[in-house]
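In case you want the letters, here they are:
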Amino acid sequence: MAKMEVKTSLLDNMIGVGDMVLLEPLNEDSFINNLKKRFDHSEVYTYIGSVVISINPYRSLPIYTPEKVEEYRNRNFYELSPHIFALSDEAYRSLRDQDKDQCILITGESGAGKTEASKLVMSYVAAVCGKGAEVNQVKEQLLQSNPVLEAFGNAKTVRNDNSSRFGKYMDIEFDFKGDPLGGVISNYLLEKSRVVKQPRGERNFHIFYQILSGASEDFLCKLKLEQDFSRYNYLGLDSAKVNGVDDAANFRTVRNAMQIVGFMDHETQSVFEVVAAVLKLGNIEFKPESRVNGLDESKIKDKNELKEICELTGIDQSVLERAFSFRTVEAKQEKVSTTLNVAQAYYARDALAKNLYSRLFSWLVTRINESIKAQTKVRKKVMGVLDIYGFEIFEDNSFEQFIINYCNEKLQQIFIELTLKEEQEEYIREGIEWTHIEYFNNAIICDLIENNQTGILAMLDEECLRPGTVTDDTFLEKLNQVCATHQHFESRMSKCSRFLNDTSLPHSCFRIQHYAGKVMYQVEGFVDKNNDLLYRDLSQAMWKANHSLIKALFPEGNPTKINLKRPPTAGSQFKASVATLMKNLQTKNPNYIRCIKPNDKKAAHIFNDALVCHQIRYLGLLENVRVRRAGYAFRQAYEPCLERYKMLCKQTWPHWRGPARAGVEVLFNELEIPEEEFSFGRSKIFIRNPRTLFKLEDLRKQRLEDLATLIEKIYRGWKCRTRFLLMKKSQIVIASWYRRYAQQKKYQKIKSSAIIVQSYIRGWKARKLLRELKHQKRCNEAATIIAAYWHGTQVRREYRKFFRANAGRKIYEFTLQRLMQKYFLEMKNKMPSLSPIDKNWPARPYLFLDSTHKELKRIFHLWRCKKYRDQFTDQQKLIYEEKLEASELFKDKKALYPASVGQPFQGAYLEISKNPKYKKLKDAVDEKIIIAEVVNKINRANGKATSRIFLLTKNNVLLADQKSGNIKSEVPLGDVTKVSMSSQNDGFFAVHLKEGSGAAGKGDFLLSSDHLIEMATKLYRTTLSQTKQKLNIEISDEFLVQFRQDKVCVKFIQGSQKNGNIPTCKRKNNRLLEVAVP
Ligand SMILES: Nc1ncnc2c1ncn2[C@@H]1O[C@H](COP(=O)(O)OP(=O)(O)OP(=O)(O)O)[C@@H](O)[C@H]1O
Ligand SMILES: [Mg+2]
């Protein structure tokens, strides 16, 4: 809705007239009044057709906001009130949509607002063109190149606090979509004289002040600088501070911008080092020193500053010092060294400072170009923005002003050529009716300056190259001779000058009547500045610097690359670069912004009629309006015009078969455009009023929307149809696959069913066959049996007469006999070994022999056992008897038993009769000794063991001392009532004695032996044979023994491994003796 409310034409709510073409009546007064009226209402922009006149408001207006950008975006030029954005939008759109390279030419006096206008154009284009991270970076770099170049190339002048002291032309490159790709900046002639000297009320380049105010103490210290401006001779003191300018803040902005543009830290550092060196150069002072030959030689007054410069820049101090005192001239391969006097030394110093600074500036431009150059090699569309120093008329005008004003002349020339002259010539060429309009063509002034033979620049070059003494005065003389007759040249000495008597003109001056006014130039310095010479000693000293940037700035200082050819003069260089610029501009579609300065005071709201009038006159703006009014607002060749609007008429859409002009005629007739609104030229159609063009554009826009809808409709239809067909095709494919699958499944099912049915039938058939075969077989068998029986009956009937009645039984017995015979014979061969423990026995061959076979096995075993026993001697028999006895007594009762089975019972382990030690004992025992063995007798009181000899004789049991052999106790077998032992794996046993018997005084014996089983068995047998009574053997883990009067319980417990595998015995108390068994 908001858009609906905005103006749709610049005619709406207009203050004065927005387009001077509409001004009535048209004269200088009405022109100025219109501008003034609009200026008073803050309307600083006014059109002359497509040219924008901009009046510097000297205050910030709220017309550059993002909302304004949106308002002007994609709108027709005349739709909204005049604005620099409308021109930018028009230029950008015709670049993007019509593929026409554009240039925006911004002209005007110093301080008229050119630089600001160029920045507005750039920021507008940046705001409306493509977006995205990469594009934004390009935009940001392009925009941020401005603060860097302004800091180094702008300065405060009496006319402008931020005056551009160099010319700048920037090509912004776009791709086919209109997205920025990069840019190229060209710079023109920096006013380097400002580095060493500034006119009253002016400043040096901003960067010097910015660095001193904005850099940190640390950084200044590094650069060997001090904050105080007054310390530096090169900084004009009277206007070091500019109102409303914060140098310190600007310094931060510049550093930040340098970073964004892509300067490396070391590069930034080097740049500031060079700036510092330039500033410090100004502080070097010289004093004269008389030499023997009477000439003065300059010497540096205070070498401190020089030393610091050399430290900063890595230059050898002695080399630089020498370069300030001597000059080497090379003549015919001979080097001649001459001394410099003080004035020459100062000249050399200033030349060095100027050169250092201007070369640094050019390096900055090249470095920025490196960063912002387009990365791709695709075809580029270009928009050039030209912001070149404005026309300058100072009190003292020198070589710089001459050059600047020459450049402005050239720009005026191109303006004339492209607008006024071109326009008129076009009408004539196209055969359109036309009344000629007079305007001033400044080609003659351009010729005065640049003519290759008689031009001022050519003559200056000639003077500079001429041998002999050349001074500014000889140059002026030459000018007086050659240009005297020129209408636009004046000097006091020019012979035919109309101002011969004009004494206001000093001697050493000449005056040029520029298109923008008369300017008087002082010739002083022309030759020097044109020569732009730097002593070779200085450039060589610079090249030798241990500072990569400075070294790179003075390539001619390289002694191996000495070029004796003179470098081109400043004037000819400038002329050449301006010519290139003009050629470049001519290939592009021009857009003009003509800046006007409303007053000389840099003040808002002041409109100085005289000043504005002067600018209007020299800018030829009135003529511009007249030409515009007499002509047509718009023209276009027939072909593109038909191509653009052919969709508006049925006959021409979509194709017109015939000449383009006829097509356009048909088109315009069809659209009922009034006849006075257009004219047909030879190759172009001319449209008088912009409104008509807008009407055409609006119709086209509407029609394009309809066409877009149509295309969209058809496309959608096509898309849906294609999709449908694809789906249909897919459906068929899917269906066929599915059918195939379903049929496959069905077939498999039928197949498996058929197989089952088949198998059943086959089974049934087979079974039937089998049944039949079985039946047949049975029949056959039955027949055979019947036949056999029949034969048998037959045979028996036949043979009955030969056999007795029991022949059958005999045959049976005979058969049985034969079988038995065979059985025994086989058994004979299969007999197992004679070992009683061999468990093998052949398998039974016939079932009816089962019991026989078992019996035979038993008999055989008994027999082989007997065989085995028969081999025994009597002693062996005894042993086996004993072993048998032991088995009966202890098997499955005492855990020690299984270990004893394999041990043979030896009885006399101690050979008492043979050992002389036991002779006494042998003598005391006269009976046969059954057991002689060492046992442990357990002390009844404490359970400790003592070794004793245990003897068993036929009638007694004896215990004797092991060492001496003395008998300790003797117990008749009849007194032994019982032997007790545990069920465990120990050798303890108690021998219980009959109560009241002789040996029972001390109580029962508790002994332990390794051969307990043998001892107990032998004791048992001996007792049995002697007393005919079975000895009671008690096996229990807890039994009572009689110790003297006490009955003590001997208890066996499992556990305690204290003594390894040896059981231990411990008397616990009166009633308990504990034996721990492992
Ligand atoms: N559109 C504007 N709005 C507000 N102030 C403006 C505008 N244009 C210019 N100015 C003011 O005028 C001053 C001078 O403008 P600018 O530097 O653009 O002049 P110039 O034509 O480039 O001069 P020179 O030829 O010396 O470089 C600016 O510093 C600014 O203060
Ligand atoms: Mg400027």
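Residues numbered from 1 in each chain as written. Chains lettered and ligands numbered in written order. Predicted model: local features only at pLDDT ≥ 70, side-chain atom pairs only at ≥ 80, totals over all residues. Heavy atoms only, no water.

Colleague: Help me understand the sheet that holds strand S15 (residues 517-522) in this model?
Modeller: Sheet strands pair via backbone hydrogen bonds, and the direction of the pair is either parallel or antiparallel. If you walk across this open sheet you meet the three strands as S13-S14-S15, and the pairing is antiparallel. Only two strands of the sheet have a single partner each, and these edge strands are strand S13 (489-491) and S15. Averaged over all pairs of adjacent strands, the angle between their axes in this sheet comes to 25°, without regard to strand direction. (Pairing = 2+ DSSP bridges. Helix = DSSP H or I, 4+ residues; strand = E, 2+ residues; numbered from the N terminus. Axes fitted to C-alpha atoms, helices over the stretch in contact; angles between N-to-C directions.)

Colleague: I tried to follow the site of ligand 1 on my own but got confused; where do I start?
Modeller: Residues in contact with ligand 1 amount to 18 residues; listed here are only the nearest, Asn56, Ser110, Lys114, Thr115 and Ser163. A distance of 2.7 Å separates an oxygen atom of ligand 1 from a polar atom in the backbone of Gly111. With the chains in place, 86% of the 620 Å² that ligand 1 exposes on its own is no longer accessible. Of all elements in the fold, only helix H5 (114-128) and strand S5 (163-164) reach the threshold of two or more residues within the shell around ligand 1. Top contributing element to the shell around ligand 1 by residue count: H5, with three residues. (Near = heavy atom within 4 Å. Polar contact = N/O pair within 3.5 Å; in protein donor to acceptor, adjacent residues only side chain to side chain. Areas by Shrake-Rupley, 256 points an atom, 1.4 Å probe, with all protein chains shown as cover.)

Colleague: Would you explain the packing of aromatic side chains in this entry?
Modeller: What describes a pair of aromatic rings is the distance from one ring centre to the other and the angle between the planes of the rings. Tallied over the full model, the rule gives 40 aromatic pairs. A ring pair is formed by Phe872 and Tyr880, whose centres lie 4.6 Å apart and whose planes are at 10°; its orientation type is stacked. Of the residues examined, Phe872 reaches a relative accessible area of 17% and is grouped as buried. Positioned above the aromatic ring of Phe326 is the side chain of Arg322, whose terminal nitrogen or guanidinium carbon lies 4.4 Å from the ring centre. (Phe/Tyr/Trp six-rings, centres within 6.5 Å; stacked < 30°, edge-to-face > 60°. Buried < 20%, exposed > 50% of the residue type's maximum accessible area, 1.4 Å probe, protein only. Lys NZ or Arg CZ within 6 Å of the ring centre and 35° of its normal.)

Colleague: Mind showing me how you'd approach the side chain of Glu305 here?
Modeller: Of note, Glu305 is situated in helix H12 (residues 303-313). Among the polar contacts listed, one links the side chain of Glu305 to the side chain of Lys280, at a separation of 3.0 Å.

Colleague: What should I look at first to understand the sheet that holds strand S29 (residues 1046-1054) in this one?
Modeller: Ordered by their spatial adjacency, four strands build an open sheet running S28-S29-S31-S30, and the pairing between neighbours is mixed. Looking at which strands have only one partner, the edges of the open sheet turn out to be strand S28 (1038-1043) and strand S30 (1064-1069). For this sheet, the mean angle separating the axes of adjacent strands, direction not counted, is 30°. When S29 meets strand S31 (residues 1072-1077), the two strands line up parallel, connected through six bridges.

Colleague: I would appreciate a short explanation of the coordination of the magnesium ion (ligand 2) in the present structure.
Modeller: Working reference: metal with six octahedral donors, ideal angles 90 or 180 degrees; metal with four tetrahedral donors, ideal angle 109.5 degrees. For the magnesium ion (ligand 2), the protein coordination sphere consists of Thr115 (OG1) and Ser164 (OG), at 1.9 to 2.1 Å. A residue pair is termed long-range when its members are at least 10 positions apart, and Thr115 in helix H5 and Ser164 in strand S5 qualify at 49 residues. Under the relative-accessibility criterion, Ser164 is labelled buried at 10%. (Donors = N, O, S within 2.8 Å, 3.2 Å for Na, K, Ca; no water.)

Colleague: I keep staring at helix H14 (residues 342-372) and nothing clicks. Help me out?
Modeller: For an α-helix the count is 3.6 residues per turn, leaving residues at separations of three or four pointing the same way. Under the 1.5 Å per step criterion, the end-to-end length of H14 is 45 Å for 31 residues, consistent within 8% with the ideal 45 Å. Two or three places before Ala343, at the opening of H14, Asn341 has a side-chain oxygen 3.2 Å from that residue's backbone nitrogen. (Expected span 1.5 Å × (residues − 1).)

Colleague: What exactly am I supposed to notice about the pattern of salt bridges here?
Modeller: A side chain with one charge may pair with a side chain of the opposite charge, provided their charged atoms come close. Here the structure, examined in full by the defined rule, presents 61 salt bridges. As a salt-bridge pair, Glu226 and Arg231 come within 3.1 Å of each other at their nearest N and O atoms. Arg231 sits in the partly exposed class, given a relative accessible area of 31%. The salt bridge involving Lys1018 is made with Glu1014; its shortest N-O contact spans 3.1 Å. (Salt bridge = Lys/Arg side-chain N within 4 Å of Asp/Glu carboxyl O.)

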